[in-house]
Amino acid sequence: MSNNLLKGKRGIIFGALDPNSIAWKVAQRCHEEGAQFTLTNAPVALRLGAIKELAAQCKAEVVPADATLVPDLENLFSKSVELLGGKLDFVLHSIGMSPNVRKNRPYTDLDYDYFHKTLDISALSLHKTLQTALKLDAMNEWGSVVALTYIASQRVFPDYGDMADAKSVLESITRGFGYQYGKSKKVRINTISQSPTKTTAGTGVKGFDAFFNYADLISPLGNASAEACADYTIMMFSDYTRMVTMQNLFHDGGFSYTGVSREVMDKFTS
Ligand code: NAI
């Protein structure tokens, strides 16, 4: 289904690793809606992933960038503006990784070098991306930046480990930079807080399957899929949401505002 919502818009999509990635679905929807964009990921992910297949589908160029390295980001923004033929209208930040979570380190026994990496990759990379875009004046007025987050930033989910702290910082940067970029260039920045989704990053969290099923039973609409997240992201990139900025937008089938559901209660009724 296409409504040409992004016709004439240019952007950068971070984080499409494989066809399960949320960014992969966003790229496909952006293409359907008429946008032109570059795809980017860390060089190691580009070697392992299937991004070339997506690039061919979307007629997009791939520009490698480790999102923790400012020179890589400078190259990415300059190249993207050059390749796409003008300043950008949207950026998707769909990046997350915790070495502590990957190696099953409990929250009370973190490795601090890993913790720094978690924060750098999953949160500071958003600040670095925004600061680079601002310094290079690479975004058009009313441009839209979306970063993906999870509700563990605000409530405790014990197995989410130090990623919870990274998501809190990510959401705080969204507000802090959202103010500055809004004032100076009318660029808007929001996070979308997505349901548990079966991707490489998602399933890397201990107990993911049980938690996925729990969230599905709590949420009145069920878990939101990656495809539905892509639809929501398109709306956030479109001109229909021009006055929305600095928000954390729940896209979770109602999970965040449900105390308990009948289905979960039934499991405790003997
Ligand atoms: P994914 O594993 O497909 O995507 C994560 C991406 O981050 C990968 O493409 C990876 O290569 C990239 N990345 C890691 N280190 C990087 C670096 N240094 N520079 C550039 N890119 C780097 O998994 P998914 O689920 O699509 O993750 C996308 C975003 O959605 C993440 O921010 C994640 O935390 C968030 N999210 C995921 C949920 C889930 O249950 N899957 C739920 C809520 C939010």
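Everything discussed here concerns the structure shown above.
Residues numbered from 1 in each chain as written. Predicted model: local features only at pLDDT ≥ 70, side-chain atom pairs only at ≥ 80, totals over all residues. Heavy atoms only, no water.

Student: Before we move on, could you go through the state of the cysteines and cite the residues and values that matter?
Tutor: Taken as a whole and assessed by the stated rule, the structure comprises zero disulfides. Of all cysteine sulfurs, the one in Cys58 lies closest to Cys30, which takes part in no disulfide; the gap is 8.4 Å. Cys30 gets classed as buried once you look at its relative accessible area, which sits at 0%. Judged by relative accessible area, Cys58 falls into the buried class, the value being 5%. (Disulfide = S-S within 2.5 Å. Buried < 20%, exposed > 50% of the residue type's maximum accessible area, 1.4 Å probe, protein only.)

Student: Summarise the packing of helix H1 (residues 22-32) against helix H3 (residues 51-58); cite the residues concerned and give the values.
Tutor: Remark: H1 packs on H3, axes separated minimally by 10 Å, with the N-to-C direction vectors making an angle of 15°. Here H1 lies roughly parallel to H3, going by the angle between them. In the crossing of H1 with H3, the sense of the turn from one axis to the other is right-handed. Each of Trp24, Ala27, Gln28 and His31 in H1 lies in contact with H3, whose residues at this interface are Ile51, Glu53, Leu54, Gln57 and Cys58. (Axes fitted to C-alpha atoms, helices over the stretch in contact; angles between N-to-C directions. Helix = DSSP H or I, 4+ residues; strand = E, 2+ residues; numbered from the N terminus. Parallel < 35°, antiparallel > 145°, perpendicular 65-115°, else oblique. Left-handed = near helix turned anticlockwise from the far one by under 90°. Contact = heavy atoms within 4.5 Å.)

Student: Please set out the pattern of salt bridges residue by residue, giving values where relevant.
Tutor: For the coordinates displayed, the defined rule picks out eleven salt bridges. One salt bridge connects Lys87 with Asp137, and the closest N-O pair in it is separated by 3.1 Å. Of this pair, Lys87 sits in the loop between helix H4 (70-84) and strand S3 (88-93) while Asp137 sits in the loop between helix H6 (112-135) and strand S4 (139-149), and the two are 50 residues apart along the sequence. Of the charged contacts, one joins Asp120 and Lys128 as a salt bridge, the two residues approaching to 2.8 Å between their closest N and O atoms. When salt bridges that share partners are traced, they join Arg29, Glu32, Glu33 and Asp231 into one network. (Salt bridge = Lys/Arg side-chain N within 4 Å of Asp/Glu carboxyl O.)

Student: Before we move on, could you go through the side chain of Thr174 and cite the residues and values that matter?
Tutor: Along the polypeptide, Thr174 turns up in helix H7 (residues 163-185). Within polar-contact distance, the side chain of Thr174 engages the backbone oxygen of Leu170 at 2.9 Å. (Polar contact = N/O pair within 3.5 Å; in protein donor to acceptor, adjacent residues only side chain to side chain.)

Student: I'd like a rundown of the site of the ligand, residues and numbers included.
Tutor: For the ligand, the set of nearby residues contains 28 residues, the closest of which are Ser21, Asn41, Lys167, Thr197 and Thr199. Side-chain polar atom of Asn41 to an oxygen atom of the ligand: 2.7 Å apart, as the coordinates give it. For the ligand, an oxygen atom lies 2.7 Å from a polar atom in the backbone of Thr197. A total of 830 Å² of accessible area belongs to the ligand in isolation, and the protein chains cover 93% of it. Because more than half of its atoms lie within 2 Å of the grid, the ligand is assigned to the largest pocket. For the shell around the ligand, a count of residues per class yields 14 nonpolar, twelve polar and two charged. (Near = heavy atom within 4 Å. Areas by Shrake-Rupley, 256 points an atom, 1.4 Å probe, with all protein chains shown as cover. 1 Å grid on protein atoms, 1.4 Å probe; cavity = no way out; pocket = protein on both sides within 12 Å on 5 of 7 lines; lining within 4 Å. Sits in = over half its atoms within 2 Å of the grid points. Nonpolar A, V, L, I, M, F, W, Y, C, P; charged D, E, K, R; others polar.)

Student: With reference to specific residues and values, describe the nonpolar core.
Tutor: Residues Ile13, Val26, Cys30, Phe37, Leu39 and Phe237 are the most contacted members of the largest nonpolar core, which totals 31 residues. When contributions to this core are tallied by element, the ones reaching two or more residues are H1, strand S2 (36-40), H3, S3, S4 and helix H10 (226-237). Sort the elements by how many residues they give to this core and H10 lands first, with seven residues. Contact partners of Cys30, with chain neighbours within four places excluded, come to Leu6, Ile13, Ala35, Phe37, Phe90, Ile234 and Phe237. Ile12, Ala65, Leu73 and Phe177 belong to the second-largest nonpolar core, a separate cluster that totals 27 residues. (Core = buried A, V, L, I, M, F, W, Y, C linked by side-chain atoms within 4.5 Å.)

Student: Go over unusual backbone geometry, please, and point to the residues and values.
Tutor: In this structure, Asn4 takes a positive phi of about 50° despite not being glycine. In this fold, Asn4 is placed in the segment before strand S1 (10-14). Judged by relative accessible area, Asn4 falls into the partly exposed class, the value being 42%. One non-glycine residue with positive phi stands out, namely Lys59, at about 50°. As for its placement among the helices and strands, Lys59 is situated in the loop between H3 and H4. Looking at Lys59, the relative accessible area reads 72%, which means it is exposed.

Student: Lay out empty space enclosed by the protein in plain terms, naming residues and giving numbers.
Tutor: Taken as a whole and assessed by the stated rule, the structure comprises one cavity of 30 Å³ or more. Of the volumes computed, that of the largest cavity is approximately 40 Å³. Surrounding the largest cavity, Tyr150, Ile151, Ser193, Gln194, Ser195, Pro196, Asp252 and Phe255 form its lining. Residues belonging to the lining of the largest cavity are distributed by class as follows: four nonpolar, three polar and one charged. (Points joined across faces, edges and corners; volume = space filled by probe spheres on them.)

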